[in-house]
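Structural characterization, general
So the chains spell out like this:
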Amino acid sequence: MKTRLRNLRQTAGLRKLVRETTLSPDDLVMPYFARPGKGQRTPIGSMPGQFQLSIDELVKEARGLVKTGVGSIILFGIPSSKDPKGSGGFAKNGIVQQAVRALKDALPDLVVMTDVCMCEYTDHGHCGILKGREVDNDATLPYLQKIAVSHVEAGADIVAPSGMMDGVVGALRQALPKTTILSYAAKYASAFYGPFREAAGSAPQFGDRKAYQMDYGNGDEALREIRLDLEEGADIIMVKPALAYLDIISRAKETFGCPMAAYNVSGEYAMIKAAGERGWIDEKKVILETLTSIKRAGSDFILTYFARGAAAWMT
Ligand code: PBG
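These numbers come from a predicted model, not from an experiment. (Residues numbered from 1 in each chain as written. Predicted model: local features only at pLDDT ≥ 70, side-chain atom pairs only at ≥ 80, totals over all residues. Heavy atoms only, no water.)

1. Some remarks on the site of the ligand
Keep this limit in mind: A molecule or strand has a residue near it when one of that residue's heavy atoms lies within 4 Å. Under the rule applied, a polar contact is a pair of N or O atoms within 3.5 Å (in protein, one hydrogen donor and one hydrogen acceptor; residues adjacent in sequence only if both atoms are side-chain atoms). Note on areas: these come from Shrake-Rupley sampling with a 1.4 Å probe, and a residue is covered only by the protein chains present in the view.
For the ligand, the set of nearby residues contains 18 residues, the closest of which are Lys-187, Arg-197, Lys-240, Ser-266 and Tyr-305. Between an oxygen atom of the ligand and a side-chain N or O atom of Lys-187, the distance comes to 2.7 Å. Residue Arg-209 places a side-chain N or O atom 3.0 Å away from an oxygen atom belonging to the ligand. Burial of the ligand by the protein amounts to 100% of the accessible area it has alone, namely 400 Å².

2. Concerning the nonpolar core
To keep things clear, this is the line we draw: Take the buried residues of types Ala, Val, Leu, Ile, Met, Phe, Trp, Tyr and Cys, join any two whose side-chain atoms come within 4.5 Å, and each joined set is a nonpolar core. Only protein chains enter the calculation, and the probe is 1.4 Å; a residue is then buried if its accessible area is under 20% of its type maximum, exposed if over 50%, and partly exposed in between. We call two residues in contact whenever any of their non-hydrogen atoms come within 4.5 Å of each other.
Counting 100 residues, the largest nonpolar core has Phe-33, Ile-73, Leu-75, Leu-103 and Leu-182 as the members making the most contacts within it. In this view, Phe-33 contacts Ile-44, Phe-51, Gln-52, Leu-53, Phe-76, Ile-78, Phe-196, Ala-199, Ala-200 and Tyr-305; residues no more than four positions away in its chain are not counted.

3. Points about the pairing of strand β8 (residues 158–161)
Spelled out, the test is: Each helix is a run of DSSP H or I of at least 4 residues and each strand a run of E of at least 2, with the numbering of both proceeding from the N terminus. A strand pair is defined by DSSP finding two or more bridges across the two strands. The path from the first strand over the helix to the second decides the hand: if it runs clockwise while the strands point away from the viewer, the crossover is right-handed.
Burial along β8 is two-sided: Ile-158 and Ala-160 facing one way and Val-159 and Pro-161 facing the other are all buried. As paired elements, β8 and strand β9 (residues 180–187) share 2 bridges and run parallel to each other. Across the sheet, Ile-158 pairs through a bridge with Thr-180, a residue of β9. Handedness of the crossover joining β8 and β9 through helix α5 (residues 168–175) is recorded here as right-handed.

4. Description of the packing of aromatic side chains
Threshold: Aromatic pairs are defined between Phe, Tyr and Trp rings, using the six-membered ring for Trp, whenever the two ring centres lie within 6.5 Å; interplanar angles under 30 degrees are classed as stacked, those over 60 as edge-to-face, and all others as tilted. Consider the ring centre and the ring normal. A charge sits over the ring if Lys NZ or Arg CZ is within 6 Å of that centre and within 35 degrees of that normal.
Inspection of the entire model under this criterion finds 10 aromatic pairs. Seen from their ring centres, Phe-90 and Tyr-143 are 5.9 Å apart, and the 50° between their planes marks the pair as tilted. Separated by 53 residues along the polypeptide, Phe-90 in the loop between β4 (72–77) and α3 (95–106) and Tyr-143 in helix α4 (residues 137–154) bring together distant segments of the chain. Taking the centre distance of 4.3 Å and the plane angle of 20° together, the rings of Tyr-188 and Tyr-245 count as stacked. Highlighted residues: Tyr-188 in the loop between β9 and α6 (194–200) and Tyr-245 in the loop between β10 (236–240) and α8 (246–256), separated in sequence by 57 residues. Like Tyr-245, Tyr-188 is buried. One aromatic cluster is present, formed by Phe-33, Phe-76, Tyr-184, Phe-196, Tyr-263, Tyr-269, Tyr-305 and Phe-306 through successive ring pairs. The ring of Phe-90 has Lys-146 lying over it, and the distance from NZ or CZ to the ring centre is 4.2 Å.

It is worth stressing that arrangement in space is one thing and function is another; only the former is reported here.
Structure representation (structure tokens):
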């Protein structure tokens, strides 16, 4: 035996020295849910530790986040009313638009990303304009342009289209030549989004999202989605969910070598919290192992509800 791989594992110091993947707060993006009102912190039942926040509370929360070293957030909105065309999504004084303005006022250096989708704003809960019982792809694109433009006008740094409409990146690129686009390029129709839909009140009122989000049996198709989005002008591409799709993250990074994000989604959060609360796993260790694995797979940064807690452990 000439080569003994255990040599480098003998002490914590040696292990640290040769560790290939390390985490820093710079790698994390914290998702927040903005709701109307003042002084409101509405707990989300299936996501212990997460809240729907009124804008004043959101600003307080973001100030605390920045102190832990995390410099980026992604915003979702819970509007006060919904309609078939999701008008709350592009209203000048919509909940996300107001939240972005307040956050950029209070914390100009905070990187504010916005989720560009219609499901939180439509009364039917689908991610676009309906024609009969189907989401009409091309009729939806102008609405997504309006939503993204309204976010950028409010001060958003990055727009993140998440509705899996064909051609959305090209449409946003045309409307916003100089804005950073983070495309939810490979987004699977996943049961792991369950808690988010409770948090955002965005569950479809009929059917499911399988006619626009991807089938979880498919890997090659994810690369085709990503290739198209890069051609259309995406700056960063995302794979979502993260944990059950580490192979996709890894193949995408190897194939395209482009900036990449992964979304450690609500169901992934809920599972770890639930097992942690019962004492079945060591929550902190599982979180750090999980986030490191997502980065090791090839993701440059991670959208995760653990961002605030985990960053505090890293510094
Ligand atoms: C909006 C959107 C969803 C998520 C992010 N953006 C929900 C969905 O597609 O149903 C899920 C995030 C999570 O589960 O944490 N389309």
